[in-house]
Amino acid sequence: MNIAIFASGQGSNFSAIVKARKAGKFRANISLLVCDNPNAAVINKAKKYGVKIFLIQEKEFSGKTGFDNVVLKRLLQDKIDLVVMAGYMRVLGSVFVKAFKNRILNIHPTLLPAFKGAHGIEDALKYGVKVTGVTVHFVDEKVDHGPIILQQAVEVKKQDTPESLARRIHKIEHQLYPEVIRLFIKGKLEIKGRVVFVT
Ligand code: GRF
(Lines give C-alpha, C1' and ligand atoms only; values in the text may rest on other atoms or scores of the structure.)
Protein backbone atom coordinates (compact mmCIF):
# COMPACT_ATOMS: atom_id res chain seq x y z
CA MET A 1 0.00 0.00 0.00
CA ASN A 2 1.27 3.47 -0.93
CA ILE A 3 0.44 6.47 1.22
CA ALA A 4 0.56 10.16 0.31
CA ILE A 5 0.62 12.58 3.23
CA PHE A 6 -0.72 16.08 2.59
CA ALA A 7 0.69 18.74 4.93
CA SER A 8 1.27 22.49 4.87
CA GLY A 9 2.85 23.23 8.24
CA GLN A 10 5.06 21.93 11.02
CA GLY A 11 4.71 18.29 10.10
CA SER A 12 4.74 16.80 13.59
CA ASN A 13 2.05 14.33 12.49
CA PHE A 14 4.04 13.62 9.32
CA SER A 15 7.07 12.70 11.47
CA ALA A 16 4.97 10.66 13.89
CA ILE A 17 3.52 8.63 11.01
CA VAL A 18 6.92 8.07 9.39
CA LYS A 19 8.40 7.01 12.75
CA ALA A 20 5.48 4.66 13.45
CA ARG A 21 5.99 3.09 10.04
CA LYS A 22 9.72 2.66 10.74
CA ALA A 23 8.90 1.10 14.12
CA GLY A 24 6.71 -1.47 12.36
CA LYS A 25 3.34 -0.17 13.59
CA PHE A 26 1.94 -0.74 10.08
CA ARG A 27 3.24 -1.96 6.73
CA ALA A 28 2.98 0.55 3.89
CA ASN A 29 5.16 2.91 1.91
CA ILE A 30 5.08 6.58 2.79
CA SER A 31 5.49 7.40 -0.90
CA LEU A 32 4.85 11.10 -1.17
CA LEU A 33 4.47 14.39 0.68
CA VAL A 34 2.06 16.78 -1.04
CA CYS A 35 2.68 20.31 0.18
CA ASP A 36 1.27 23.68 -0.88
CA ASN A 37 3.60 25.83 1.19
CA PRO A 38 7.25 26.20 0.10
CA ASN A 39 8.21 27.53 3.54
CA ALA A 40 6.65 24.72 5.55
CA ALA A 41 8.86 22.95 8.10
CA VAL A 42 7.40 19.63 6.94
CA ILE A 43 9.48 19.90 3.74
CA ASN A 44 12.76 19.50 5.66
CA LYS A 45 11.27 16.60 7.58
CA ALA A 46 10.40 14.85 4.31
CA LYS A 47 13.97 15.46 3.06
CA LYS A 48 15.37 14.04 6.29
CA TYR A 49 13.31 10.87 5.96
CA GLY A 50 13.84 10.56 2.20
CA VAL A 51 10.15 10.97 1.30
CA LYS A 52 9.49 12.39 -2.19
CA ILE A 53 8.02 15.88 -2.16
CA PHE A 54 5.37 17.21 -4.52
CA LEU A 55 5.22 20.96 -3.98
CA ILE A 56 2.29 22.55 -5.72
CA GLN A 57 0.61 25.91 -5.18
CA GLU A 58 -2.94 26.79 -6.07
CA LYS A 59 -1.93 30.27 -7.25
CA GLU A 60 -0.21 28.64 -10.24
CA PHE A 61 -3.65 27.53 -11.46
CA SER A 62 -6.64 29.49 -12.65
CA GLY A 63 -9.24 27.30 -10.95
CA LYS A 64 -9.66 24.72 -8.23
CA THR A 65 -10.44 21.91 -10.67
CA GLY A 66 -7.19 22.46 -12.57
CA PHE A 67 -5.21 22.21 -9.35
CA ASP A 68 -7.08 19.12 -8.16
CA ASN A 69 -6.59 17.38 -11.49
CA VAL A 70 -2.83 17.89 -11.42
CA VAL A 71 -2.59 16.52 -7.87
CA LEU A 72 -4.86 13.64 -8.78
CA LYS A 73 -2.77 12.80 -11.82
CA ARG A 74 0.36 12.68 -9.66
CA LEU A 75 -1.31 10.41 -7.10
CA LEU A 76 -2.41 8.02 -9.82
CA GLN A 77 1.08 8.08 -11.37
CA ASP A 78 2.59 7.20 -7.99
CA LYS A 79 -0.08 4.51 -7.45
CA ILE A 80 -1.25 6.05 -4.18
CA ASP A 81 -3.84 3.99 -2.29
CA LEU A 82 -4.42 6.17 0.75
CA VAL A 83 -4.35 9.93 1.28
CA VAL A 84 -3.53 11.15 4.80
CA MET A 85 -4.25 14.81 5.50
CA ALA A 86 -2.03 16.09 8.28
CA GLY A 87 -2.45 19.82 8.69
CA TYR A 88 -3.05 20.52 5.00
CA MET A 89 -4.61 23.96 4.87
CA ARG A 90 -6.55 23.68 1.65
CA VAL A 91 -9.96 22.06 1.16
CA LEU A 92 -9.95 19.25 -1.40
CA GLY A 93 -12.32 19.62 -4.34
CA SER A 94 -15.10 17.18 -5.14
CA VAL A 95 -13.26 15.69 -8.14
CA PHE A 96 -10.56 14.66 -5.74
CA VAL A 97 -12.83 13.43 -2.97
CA LYS A 98 -14.84 11.33 -5.44
CA ALA A 99 -11.71 9.76 -6.96
CA PHE A 100 -10.46 8.73 -3.50
CA LYS A 101 -13.81 8.04 -1.88
CA ASN A 102 -13.33 6.50 1.59
CA ARG A 103 -9.58 6.58 1.07
CA ILE A 104 -8.83 10.04 2.48
CA LEU A 105 -8.22 10.50 6.20
CA ASN A 106 -8.05 13.73 8.18
CA ILE A 107 -7.09 14.59 11.72
CA HIS A 108 -8.72 17.45 13.61
CA PRO A 109 -7.65 18.81 17.01
CA THR A 110 -11.12 18.83 18.64
CA LEU A 111 -13.94 16.40 19.27
CA LEU A 112 -15.94 16.86 16.06
CA PRO A 113 -18.54 18.06 15.29
CA ALA A 114 -17.51 20.72 17.81
CA PHE A 115 -15.11 23.46 16.75
CA LYS A 116 -14.59 22.77 13.07
CA GLY A 117 -12.19 24.93 11.09
CA ALA A 118 -8.64 26.14 11.29
CA HIS A 119 -8.61 27.34 14.93
CA GLY A 120 -10.20 24.42 16.76
CA ILE A 121 -7.89 24.42 19.77
CA GLU A 122 -8.23 28.16 20.45
CA ASP A 123 -11.98 28.10 19.78
CA ALA A 124 -12.55 25.24 22.25
CA LEU A 125 -10.47 26.98 24.91
CA LYS A 126 -12.26 30.32 24.43
CA TYR A 127 -15.64 28.61 24.55
CA GLY A 128 -14.75 27.20 27.94
CA VAL A 129 -15.20 23.48 27.31
CA LYS A 130 -13.77 21.26 30.02
CA VAL A 131 -13.07 18.36 27.68
CA THR A 132 -11.83 18.59 24.11
CA GLY A 133 -9.78 16.10 22.10
CA VAL A 134 -8.75 14.67 18.77
CA THR A 135 -10.79 13.24 15.90
CA VAL A 136 -9.64 11.17 12.94
CA HIS A 137 -12.26 10.90 10.21
CA PHE A 138 -12.80 10.06 6.57
CA VAL A 139 -12.93 13.12 4.32
CA ASP A 140 -16.08 13.96 2.42
CA GLU A 141 -17.00 17.09 0.50
CA LYS A 142 -17.72 19.24 3.56
CA VAL A 143 -15.04 20.61 5.88
CA ASP A 144 -14.29 18.50 9.00
CA HIS A 145 -17.45 16.51 8.38
CA GLY A 146 -16.91 12.95 7.12
CA PRO A 147 -17.49 9.69 9.07
CA ILE A 148 -15.63 9.64 12.39
CA ILE A 149 -13.15 6.78 12.83
CA LEU A 150 -11.57 7.31 16.26
CA GLN A 151 -11.73 10.05 18.86
CA GLN A 152 -9.84 10.60 22.06
CA ALA A 153 -10.70 13.08 24.78
CA VAL A 154 -8.27 15.54 26.33
CA GLU A 155 -9.11 17.33 29.55
CA VAL A 156 -8.83 21.12 29.56
CA LYS A 157 -6.97 22.36 32.65
CA LYS A 158 -7.69 25.62 34.44
CA GLN A 159 -4.25 27.04 33.66
CA ASP A 160 -4.20 25.95 29.99
CA THR A 161 -3.04 28.32 27.28
CA PRO A 162 -3.57 27.51 23.57
CA GLU A 163 0.06 26.34 23.53
CA SER A 164 -0.11 24.03 26.54
CA LEU A 165 -3.38 22.51 25.36
CA ALA A 166 -1.99 22.11 21.83
CA ARG A 167 1.02 20.22 23.22
CA ARG A 168 -1.21 17.64 24.93
CA ILE A 169 -3.46 17.39 21.88
CA HIS A 170 -0.52 16.82 19.54
CA LYS A 171 0.77 14.05 21.77
CA ILE A 172 -2.55 12.24 21.39
CA GLU A 173 -2.61 12.92 17.64
CA HIS A 174 0.78 11.28 17.21
CA GLN A 175 -0.58 8.05 18.72
CA LEU A 176 -4.06 8.09 17.24
CA TYR A 177 -3.19 8.77 13.59
CA PRO A 178 -0.78 5.82 13.14
CA GLU A 179 -3.35 3.59 14.84
CA VAL A 180 -6.06 4.63 12.37
CA ILE A 181 -3.68 4.08 9.47
CA ARG A 182 -2.95 0.60 10.84
CA LEU A 183 -6.68 -0.17 11.08
CA PHE A 184 -7.26 1.11 7.54
CA ILE A 185 -4.44 -0.99 6.11
CA LYS A 186 -5.69 -4.09 7.93
CA GLY A 187 -9.14 -3.53 6.37
CA LYS A 188 -10.72 -3.12 9.78
CA LEU A 189 -12.80 -0.02 9.07
CA GLU A 190 -16.34 -0.64 7.92
CA ILE A 191 -18.44 2.37 6.93
CA LYS A 192 -22.24 2.24 7.19
CA GLY A 193 -23.82 5.57 6.34
CA ARG A 194 -21.75 7.94 8.35
CA VAL A 195 -20.94 5.47 11.12
CA VAL A 196 -17.59 3.70 11.09
CA PHE A 197 -17.31 0.30 12.78
CA VAL A 198 -13.90 -0.97 13.82
CA THR A 199 -14.14 -4.68 13.14
C1 GRF B 1 -2.77 19.19 13.82
O2 GRF B 1 -3.13 19.75 15.04
C3 GRF B 1 -3.97 18.61 13.12
O4 GRF B 1 -4.96 18.18 14.01
C5 GRF B 1 -4.49 19.76 12.28
O6 GRF B 1 -3.32 20.43 11.88
C7 GRF B 1 -2.29 20.24 12.84
C8 GRF B 1 -1.05 19.82 12.10
O9 GRF B 1 0.07 19.81 12.92
N10 GRF B 1 -5.30 19.27 11.21
P11 GRF B 1 1.45 19.25 12.38
O12 GRF B 1 1.81 20.06 11.14
O13 GRF B 1 1.27 17.80 12.07
O14 GRF B 1 2.42 19.47 13.49
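Predicted model only: the values in this text are computed from it and were never measured.

How would you sum up the packing of aromatic side chains? Please name residues and give values.
A complete count under the given rule lists six aromatic pairs for this structure. Ring centres 5.6 Å apart and planes at 90 degrees place the aromatic pair Phe-61 and Phe-67 in the edge-to-face group. Judged by relative accessible area, Phe-61 falls into the partly exposed class, the value being 24%. Residue class for Phe-67 comes out buried when judged on its relative accessible area of 1%. Residues Phe-96 and Phe-100 carry aromatic rings whose centres are separated by 5.8 Å and whose planes lie at 20 degrees to one another, so their mutual orientation is stacked. Phe-100 matches Phe-96 in its accessibility class, with the two residues each being buried. Feature note: the residues Phe-6, Tyr-88, Phe-96 and Phe-100 constitute an aromatic cluster, connected by ring pairs. In this arrangement the basic side chain of Arg-74 is found over the ring face of Phe-54, its NZ or CZ atom lying 4.9 Å from the centre. In this structure, Lys-192 packs its charged tip against the face of Phe-197, placed 5.6 Å from the ring centre.

Any chance you could break down the site of the ligand for me, citing the residues and the numbers?
The local shell around the ligand consists of Gln-10, Gly-11, Ser-12, Asn-13, Gly-87, Ile-107, His-108, Pro-109, His-170 and Glu-173. Here Asn-13 contributes a backbone N or O atom positioned 2.8 Å from an oxygen atom of the ligand. In this structure, His-170 approaches the ligand through a side-chain N or O atom, which is 3.1 Å from an oxygen atom. Look at the ligand: alone it shows 370 Å² of surface, and the protein chains cover 84% of it. Placement of the ligand is best described as lying within the largest pocket. Elements supplying a minimum of two residues to the shell around the ligand: α1 (12-22), β5 (104-108) and α6 (162-185). Across the shell around the ligand, the residue classes tally to two nonpolar, seven polar and one charged.

Parameters at a glance
- Residues take numbers from 1 onward in each chain, read along the sequence in its written order.
- Predicted model: local features are reported for residues with pLDDT of at least 70 only, side-chain atom pairs are reported and counted for 80 or more only, and whole-chain, interface and lining totals are derived from all residues.
- Hydrogens are left out, water is left out, and the side-chain values use all remaining heavy atoms of the structure.
- What counts as a ring pair is set by centres within 6.5 Å for rings of Phe, Tyr and Trp (its six-membered ring), and what kind of pair is set by the plane angle: stacked under 30 degrees, edge-to-face over 60, tilted for all other angles.
- Think of it in three bands: residues with accessible area under 20% of the maximum for their type are buried, residues over 50% are exposed, and the middle band is partly exposed, with areas taken using a 1.4 Å probe on protein chains only.
- Put simply, a charge is over a ring when the Lys NZ or the Arg CZ is close to the ring centre, within 6 Å, and near the line of the ring normal, within 35 degrees.
- Only heavy atoms are used to decide nearness, and a residue is near a molecule or strand if one of them lies within 4 Å of it.
- Polar contact criterion, stated in full: a pair of N or O atoms within 3.5 Å, where within protein one must be able to donate a hydrogen and the other to accept it, and residues adjacent in sequence count only if both atoms are side-chain atoms.
- Note on areas: these come from Shrake-Rupley sampling with a 1.4 Å probe, and a residue is covered only by the protein chains present in the view.
- A pocket here means an open set of points on a 1 Å grid, computed over the protein atoms alone, that has protein on both sides within 12 Å along at least five of seven lines. A cavity is instead a set of points where a 1.4 Å probe fits but cannot get out; residues with an atom within 4 Å of a point line either one.
- The rule for placing a molecule in a cavity or pocket is simple: more than half of its atoms must lie within 2 Å of the grid points.
- Helical segments are the DSSP runs of H or I of at least four residues, strand segments are the runs of E of at least two, and each set is numbered from the N terminus.
- Polar here means any residue outside two lists: the nonpolar Ala, Val, Leu, Ile, Met, Phe, Trp, Tyr, Cys and Pro, and the charged Asp, Glu, Lys and Arg; Gly therefore counts as polar.

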